[in-house]
Amino acid sequence: MKLWRTPFDRNPDAEPLGYIHIDKIRCKGCGFCAEYCPREVLHMGAELNYKGYKLAAIKDESKCLACGYCELICPEFAITLILNSNANKSEEKHPV
Amino acid sequence: MQIDDVTSYERSIAKYLRQDRLPHIWCAGCGIGPVLNCFLRAIDSAELNPDLVSVVSGIGCSGRVAGYVKLDSFHTTHGRAIPFATGLKLANPQLKTVVFSGDGDLVAIGGNHLIHAARRNIDMTVICINNFTYGMTGGQVGPTAPLDVRTATTPYGNFEPPFNLPWLLHASGASYIARWTVLHLHQLELTIVEALRRPGFSFIEVISPCPAIYGRMNKEPEGLDSLRNYIKRSVIKHGAGPRETAIDHKGPIVVGKFLDIDQPTLQDHLIGVAAKAKKPVKK
Ligand SMILES: Cc1ncc(C[n+]2csc(CCOP(=O)(O)OP(=O)(O)O)c2C)c(N)n1
Ligand code: SF4
Ligand code: SF4
Ligand code: SF4
Ligand SMILES: [Mg+2]
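So, how was this worked out
- Residues numbered from 1 in each chain as written.
- Chains lettered and ligands numbered in written order.
- Predicted model: local features only at pLDDT ≥ 70, side-chain atom pairs only at ≥ 80, totals over all residues.
- Heavy atoms only, no water.
- Pairing = 2+ DSSP bridges.
- Helix = DSSP H or I, 4+ residues; strand = E, 2+ residues; numbered from the N terminus.
- Axes fitted to C-alpha atoms, helices over the stretch in contact; angles between N-to-C directions.
- Contact = heavy atoms within 4.5 Å.
- Buried area = accessible area lost by both parts, 1.4 Å probe.
- Salt bridge = Lys/Arg side-chain N within 4 Å of Asp/Glu carboxyl O.
- Polar contact = N/O pair within 3.5 Å; in protein donor to acceptor, adjacent residues only side chain to side chain.
- Nonpolar A, V, L, I, M, F, W, Y, C, P; charged D, E, K, R; others polar.
- Near = heavy atom within 4 Å.
- Buried < 20%, exposed > 50% of the residue type's maximum accessible area, 1.4 Å probe, protein only.
- Arc of directions from axis to C-beta.
- Phe/Tyr/Trp six-rings, centres within 6.5 Å; stacked < 30°, edge-to-face > 60°.
- Donors = N, O, S within 2.8 Å, 3.2 Å for Na, K, Ca; no water.

A. Representation of the sheet that holds strand E7 (residues 176-181) of chain B. Residue and element names in this part refer to chain B. With respect to topology, 8 strands assemble into an open sheet ordered E2-E1-E3-E4-E8-E7-E10-E9, the strand pairing being mixed. With partners counted over all chains shown, the strands left at the sheet margins are strand E2 (72-75) and strand E9 (234-236), one partner each. The average undirected angle you get between the axes of adjacent strands in this sheet is 20 degrees. Where strand E1 (residues 53-57) lies against strand E3 (residues 96-102), 4 bridges are found, and the strand directions are parallel.

Shown next, in the form of structure tokens:
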């Protein structure tokens, strides 16, 4: 069963609510962010960092809710969520 | 694209974190990092004056927290975080003293200090990272390790019954007692804010994965294995009675805010006695 749907009035071209930055030096590949992101924005990629840890990577940033949970649960302080102050504006532009 | 120039991370925690020390020493998947993150956010949300917050830790992986905060902090000898913080608080009652340490440090070698600080209701907040073991020294059995778990010193399973920390602290006289796991981060942050703001002895236990040492011996070799286990086992029950909060090997982990009562602190009693002491004694 799929409970989530895109709201009818959400502009399909709307900008994401937030952008995610992953610090590749700090990440130790624990996978917490990818597992608990409610929108599956993040996943564990194939790239390794200089210490050999498998890095978290962005799968689909457009789905990001800007909830900030990845930033909070990352044990390495490796994730920064950058809020997009433009996101809601582009939403309003959508013709009703 | 027009983005906020200040991220929430920079707004709330970057100023309290010694970023030059990162990456930190904790293993991949260790739970101490998220708890530190929550704690720093809580200091920000509680709108405390950072100059008046001091963080004291003992020895252990959890004890390393004192070295990563850009606040007045002290890394004491093993088990002695609470007496050090007591001294700070008595010398300067304006301070917000926070003790951030592990189960081994606070409950084993420092156990006596813990119960007596709670009994005296000293105004301080204690955050205890409970990973059920002595992580830093190779995973010996600790006083919170549930029966039957495997550790470096109990290869056939732990045969010593553990402490039920909320019960211990309740019986000792604490004013505020809560427990969360590393997954309940929003609740944990709110709880720390509440504890920081309220007078009296507050104790917050955080169940936290130690994949490298404890997890490896108990079929949770990755931090994620422990987190998945917490999702299955944790039950939120605010106000749960102290008998309900025991943790065993496989059963439920009861989390929530268990106690929040107002009672005079050590400082209040001291002020009372000091007022009496000033009166001239009749002969
Ligand atoms: C007086 C003294 N005894 C023993 C030790 C060795 N020692 C260092 S850390 C530690 C246990 C720490 O356990 P805990 O507080 O649970 O921290 P964790 O590493 O699990 O986070 C011990 C016994 C010490 N440093 N000093
Ligand atoms: S902010 Fe929330 S939705 Fe966006 S990537 Fe992080 S966890 Fe996922
Ligand atoms: S939570 Fe942090 S350390 Fe863990 S995989 Fe994600 S970015 Fe890396
Ligand atoms: S030994 Fe355990 S508690 Fe210590 S840093 Fe590693 S995972 Fe964390
Ligand atoms: Mg420990």
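B. Here's a closer look at the pairing of strand E2 (residues 42-48) of chain A. Residues and elements named next belong to chain A. Bridge analysis of E2 against strand E3 (residues 54-58) gives 4 bridges, and the strand direction is antiparallel. Bridge pairing in E3 places His43 opposite Ala57. In this antiparallel pair of consecutive strands, E2 and E3, the connection spans 5 residues, and Gly52 shows a positive phi of 95 degrees.

C. The arrangement of the interface of chain B and chain A in detail. If you look at the interface, chain B gives 34 residues, while chain A gives 29 residues. Overall, the association of chain B and chain A removes approximately 2,800 Å² of surface from exposure, summing both partners, and the carbon and sulfur fraction of that is 60%. Counting across the chain B and chain A interface gives 2 salt bridges. Between Arg228 of chain B and Glu35 of chain A there is a salt bridge, with the nearest N and O atoms lying 2.8 Å from each other. Summed over the shared surface of chain B and chain A, the number is 10 residue pairs in polar contact (both at pLDDT 80 or more). Secondary structure elements with two or more residues in the side of chain B that touches chain A: helix H1 (8-12), helix H2 (32-45), helix H7 (185-197) and helix H9 (223-233) of chain B. For the side of chain B that touches chain A, the per-class residue count stands at 21 nonpolar, 10 polar and 3 charged.

D. Here's a closer look at the site of ligand 3. Taken together, Cys27, Lys28, Gly29, Cys30, Gly31, Cys33, Met44, Ala56, Cys74, Pro75, Glu76 and Ile79 of chain A make up all the residues around ligand 3. Among the residues forming the shell around ligand 3, the class breakdown is 8 nonpolar, 2 polar and 2 charged.

E. Inspection of the pattern of salt bridges at higher detail. Residue and element names in this part refer to chain B. Evaluated as defined, the whole model comprises 14 salt bridges over all chains. A salt bridge links Arg179 to Glu205, with the shortest nitrogen-to-oxygen separation between them at 3.0 Å. Within this pair, whereas Arg179 is found in strand E7, its partner Glu205 is found in strand E8 (residues 201-207), the two being separated by 26 residues in sequence. For the pair Arg179 and Glu205, one class covers both residues: buried. Connected via shared salt-bridge partners are Glu194, Arg198, Lys257, Asp260 and Asp262.

F. View of helix H6 (residues 165-172) of chain B. All names here are of chain B. Residues of H6 that are buried include every one of Leu165, Pro166, Leu168, Leu169 and Ser172, and no others. Taken around the axis of H6, the buried residues stretch over an arc of 160 degrees, which confines them to a single face. Downstream of H6 by a residue or two, Gly173 has a phi angle that is positive, lying close to 115 degrees.

G. Quick peek at the packing of aromatic side chains. Residues and elements named next belong to chain B. Enumeration according to the criterion identifies 4 aromatic pairs over all chains in this entry. Between the aromatic rings of Phe39 and Phe100, the centroid separation amounts to 5.6 Å while the plane-to-plane angle is 70 degrees, which identifies the pairing as edge-to-face. Highlighted residues: Phe39 in helix H2 and Phe100 in strand E3, separated in sequence by 61 residues. As far as the burial class goes, Phe39 and Phe100 line up, both buried.

H. How the structure looks around the coordination of the magnesium ion (ligand 5). Residues and elements named next belong to chain B. Coordination of the magnesium ion (ligand 5) by the protein involves Asp103 (OD), Asn131 (OD1) and Thr133 (O), with metal-donor separations of 2.0 to 2.2 Å. When the donors of the magnesium ion (ligand 5) are listed by position in the chain, the intervening gaps give D-x27-N-x1-T. For Asn131, a relative accessible area of 6% corresponds to the buried category. In this structure Thr133 comes out as buried when scored by relative accessible area, which is 3%.

The values are spatial; any link to function lies outside them.
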